[in-house]
Amino acid sequence: MSELVLGIDTTGRGGAVAVATPGGVVAVEVHDPELGYAEELFGLFDRLLDRCGRRRGELTAVAVLTGPGSFTGLRIGVMTAKTLAFSLRIPLFAAPTLELLAVASGPGLKLALCEAGRGHAWAQEVDVGEKEVVARSALRRIKLEDLDADTPDVVCAPPLTRGMEVSDLAGPLALGTARRRAPVREVDPGLLVPDYGSVSQAERMHGLDLSEELWRPIEPRGRER
């Protein structure tokens, strides 16, 4: 069977899904931010597969971005990817948001940024080489107003508008998986949990630990593929 990978990006309100082969990205379907991921995600990639004339059963791998990003989006994206991997019996791959963002922008040392809310961004220096992708700093939350306007090689995901913008991460995720390129890596579906960067507001306020929910796959809706 030829390689056919589904990539899932639910890190923000305007996420997307994509399918790719080692030869390139086949198609991308963008999520409507007015709709919730929980109600829309399975239908989103079913429409994508229909456009390509393919079926769920033809997928050879599924890949997901693990964060940082939207708390709700990450939980749904990771749980959906785990569910597909379990139900279709295919391998699961994952990549950190900021490392993939840097890769999608091209080679070199980058300061990668994504939305962190309330005027803040998640930031990380990432060095993209020909064969390796190396995080040169720890993930940190910064104030956007403190970011020097002249900082070189800044790359960001919408809705941020600093430096170079990369609007599609689902495509590079699916393609990187099909080609087995860093920073994408194969993971155990039973062990994968999102990297929120920090705990959710509910966990802070009520002392909850929601990570246990992510060990259980969810029941997919929609047509049998």
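Residues numbered from 1 in each chain as written. Predicted model: local features only at pLDDT ≥ 70, side-chain atom pairs only at ≥ 80, totals over all residues. Heavy atoms only, no water.

## Things to note about the side chain of Thr177
Quick reminder of the rule: In DSSP terms, a helix is any run of H or I states spanning at least four residues, a strand is any run of E spanning at least two, and both are numbered starting from the N terminus. The term polar contact refers here to a pair of N or O atoms within 3.5 Å; inside protein, the definition further demands a hydrogen-donor-capable atom paired with an acceptor-capable atom, and it admits residues adjacent in sequence only when both atoms are side-chain atoms. Contacts are residue-level and defined by heavy atoms, with any inter-residue pair within 4.5 Å sufficient.
Within the secondary structure layout, Thr177 lies in helix H4 (residues 170–178). Reaching out from Thr177, the side chain makes a polar contact with the backbone oxygen of Leu173 at a distance of 2.8 Å. Excluding its chain neighbours within four sequence positions, the residues that come into contact with Thr177 are Val5, Ala61, Ala63, Phe93 and Val184.

## A word on the pairing of strand E7 (residues 120–128)
Just so we agree on the cut-off: For the exposure calls, accessible area comes from a 1.4 Å probe over protein chains only, and a residue counts as buried if that area is under 20% of its type's maximum, exposed if over 50%, partly exposed in between. Two strands qualify as a pair provided that DSSP identifies no fewer than 2 bridges between them.
Of all nine residues that make up E7, seven are buried, and the element is covered over most of its length. Connecting strand E6 (residues 108–117) to the antiparallel partner E7 that follows it, the hairpin turn spans two residues, and Arg118 within it adopts a positive phi of roughly 55 degrees. Strand direction decides the pairing type here: E7 and strand E9 (residues 140–143), joined by four bridges, are antiparallel. Within E9, the position partnered with His120 by the bridge is Lys143. As paired elements, E7 and strand E8 (residues 133–135) share three bridges and run antiparallel to each other. Bridging across to E8, Val126 finds its partner in Ala135. Hairpin connection from E7 to E8: four residues lie between these consecutive antiparallel strands.

## Digging into the side chain of Asp9
Take Asp9: it is sitting in strand E1 (residues 5–9). According to the relative accessible area criterion, Asp9 is buried, its value standing at 7%. Within the local environment of Asp9, its side chain forms a polar contact with the side chain of Thr11, the two groups lying 2.7 Å apart. When residues no more than four places from it in sequence are discounted, the contact partners of Asp9 are Gly15, Ala16, Tyr37, Leu65, Leu169 and Ala170.

## A word on the environment of Ser167
Within the fold, Ser167 resides in the loop between strand E11 (164–165) and H4. Spatially, the C-alpha atoms of Ser167 and Ala16 are 9.7 Å apart, while their sequence positions differ by 151 residues.

## Considering unusual backbone geometry
Only a minority of non-glycine residues have a phi that is not negative, and only a minority of peptide bonds are not trans. Pro159 follows Pro158 through a cis peptide bond whose omega is 15 degrees. Topologically, Pro159 is positioned in the loop between strand E10 (154–156) and E11. That bond from Ala182 to Pro183 is cis: its omega, 10 degrees, falls within 30 degrees of zero. With respect to the helices and strands, the residue Pro183 is situated in the loop between H4 and strand E12 (185–187). Of note in this structure, Arg118 is not a glycine but carries a positive phi near 55 degrees. Judged by relative accessible area, Arg118 falls into the exposed class, the value being 77%. At Arg180, a position not held by glycine, the phi torsion is positive, near 55 degrees. Relative to the helices and strands, Arg180 is located in the loop between H4 and E12.

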